[in-house]
Amino acid sequence: MSGEHHGLYEQLDDRFRAGKCMNGDDALEVLFTGCRWAEGPLYVPAWRQLVWSDIPNDRMLRWDEETGAVAVFRRSAGYTNGNTLDREGRLITCEQGNRRVTRTEHDGTVTVLADRWQGKRLNSPNDATVKSDGSIWFSDPDFGITSDYEGYRAESEIGANNVYRIDPGSGEVRLVADGFGAPNGLVFSADERQLFVSDTRAGLIRVFDVREGGTLSDGKVFAEAAAREKARFDNIRFDDGGRLWVAAMDDGVHCYDPDGTLIGRLNVPEAVANVAWGGAKRNRLFIAAETSVYSVLMGNTGTHPTGPGHRPWQ
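Described below are features of the structure shown in this document. (Residues numbered from 1 in each chain as written. Predicted model: local features only at pLDDT ≥ 70, side-chain atom pairs only at ≥ 80, totals over all residues. Heavy atoms only, no water.)

Quick word on the pairing of strand β19 (residues 194-199)
Counting buried positions over the 6 residues of β19 gives 5, a clear majority of the element. Two strands pair when backbone bridges link them, and strand β18 (residues 183-188) and β19 are joined in this way by 4 bridges, in the antiparallel orientation. Across the sheet, the residue bridging to V187 is F196, located in β19. Connecting β18 to the antiparallel partner β19 that follows it, the hairpin turn spans 5 residues, and E192 within it adopts a positive phi of roughly 65 degrees. Here β19 folds back onto strand β20 (residues 204-211) in antiparallel fashion, the turn holding 4 residues, of which G203 has a positive phi close to 70 degrees. (Buried < 20%, exposed > 50% of the residue type's maximum accessible area, 1.4 Å probe, protein only. Helix = DSSP H or I, 4+ residues; strand = E, 2+ residues; numbered from the N terminus. Pairing = 2+ DSSP bridges.)

What follows is the structure in structure tokens.
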């Protein structure tokens, strides 16, 4: 599939331009380079900072929006991957190496939220998202146990790669979706009636209806990477127009219309692992791509990871 190129942007459908997806910077800004594999960018409004994971170096870094300075946020970090915020603005982190999901409290202490399912150790939690009821949903592929590069080589105790839900009251870890090659990024729709999950090995994004009681439907395919031979799907994020922005590895950043049509693309010089919205207006797209972290000011804005109707910095 080819389209109309405008430097950073590639328009594949008129809806890409109509949605102001091309009304932004003409080029990427490099915020930092020197990672081994950058993942998990998260803009924290209260800090005016971006934090992200440099997995093989087993550290988390932070970029200060006011000064542009980059410093180590956490070292010997458990080979962290995805990060998000809960409803109270606390940091939720997926630790591949420690095979757990944790919460960093406001005083800096770390609370383990999940490390087992039915008594078996998790594989290597990858990405997490928080629903308005306070429940935390996370993907658990095996990337952190297949080698010592991004974790510690080990056999899977569960024997499958699944998506789980942590109950906000009891802390129970419940399996909510299975049948994945490697579940990766996940995000709720604005009304929280659907959960979107990327499957890196299967080369597709699945969408599930969210039922009462915290269960999911069987799901269906929202988008497939087969249309772009270089694409492999990693994390996913929505903008406020309902468009889904996808880290598509060697094929840059994909933008999908709500009906699942690939309408545009951002060209990035490195393999794109993760994307995140941030900045004062949430119109700054942060891109974690292999050795570097980039940003671009956009004409449209993104949704916040804590979900609809909640802004922890207000």
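What about unusual backbone geometry?
Backbone geometry at D58 places phi at a positive 50 degrees, although glycine is not the residue there. Here D58 lies in the loop between β5 (49-54) and β6 (59-64). We classify D58 as buried; its relative accessible area is 13%.

Section: the sheet that holds strand β4 (residues 38-44)
The sheet built from 4 strands is open, its strands ordered β4-β5-β6-β7 with antiparallel pairing. Only two strands of the sheet have a single partner each, and these edge strands are β4 and β7 (70-75). Neighbour-to-neighbour, the strand axes of the sheet open up by a mean angle of 25 degrees, direction not taken into account. Judged from the 5 bridges that link them, β6 and β7 form a sheet pairing that is antiparallel. Across the sheet, R62 pairs through a bridge with A71, a residue of β7. (Axes fitted to C-alpha atoms, helices over the stretch in contact; angles between N-to-C directions.)

Description of the side chain of R103
With respect to the helices, strands and loops of the structure, R103 is situated in strand β10 (residues 100-104). With a relative accessible area of 19%, R103 lands in the buried category. A polar side-chain atom of R103 sits 2.9 Å from a polar atom in the side chain of E105. Ignoring any residue separated from it by four or fewer positions in sequence, one finds R103 in contact with D86, R90, L91, I92, T109, V110, T111 and L113. (Polar contact = N/O pair within 3.5 Å; in protein donor to acceptor, adjacent residues only side chain to side chain. Contact = heavy atoms within 4.5 Å.)

Considering the packing of aromatic side chains
All told, the structure shown has 15 aromatic pairs when counted by the stated rule. Ring centres of F32 and W52 lie 5.8 Å apart, and the angle between their planes is 50 degrees; this geometry places the pair in the tilted category. Taken together, the residues F32 in strand β3 (residues 29-33) and W52 in strand β5 connect sequence positions 20 residues apart. Accessibility classification places F32 together with W52 in one group, the buried group. Joined through ring pairs, the aromatic side chains of F196, F222, F233, F238 and Y256 make up one cluster. A cation over a ring is seen here: R206 above F180, with NZ or CZ 4.3 Å from the ring centre. (Phe/Tyr/Trp six-rings, centres within 6.5 Å; stacked < 30°, edge-to-face > 60°. Lys NZ or Arg CZ within 6 Å of the ring centre and 35° of its normal.)

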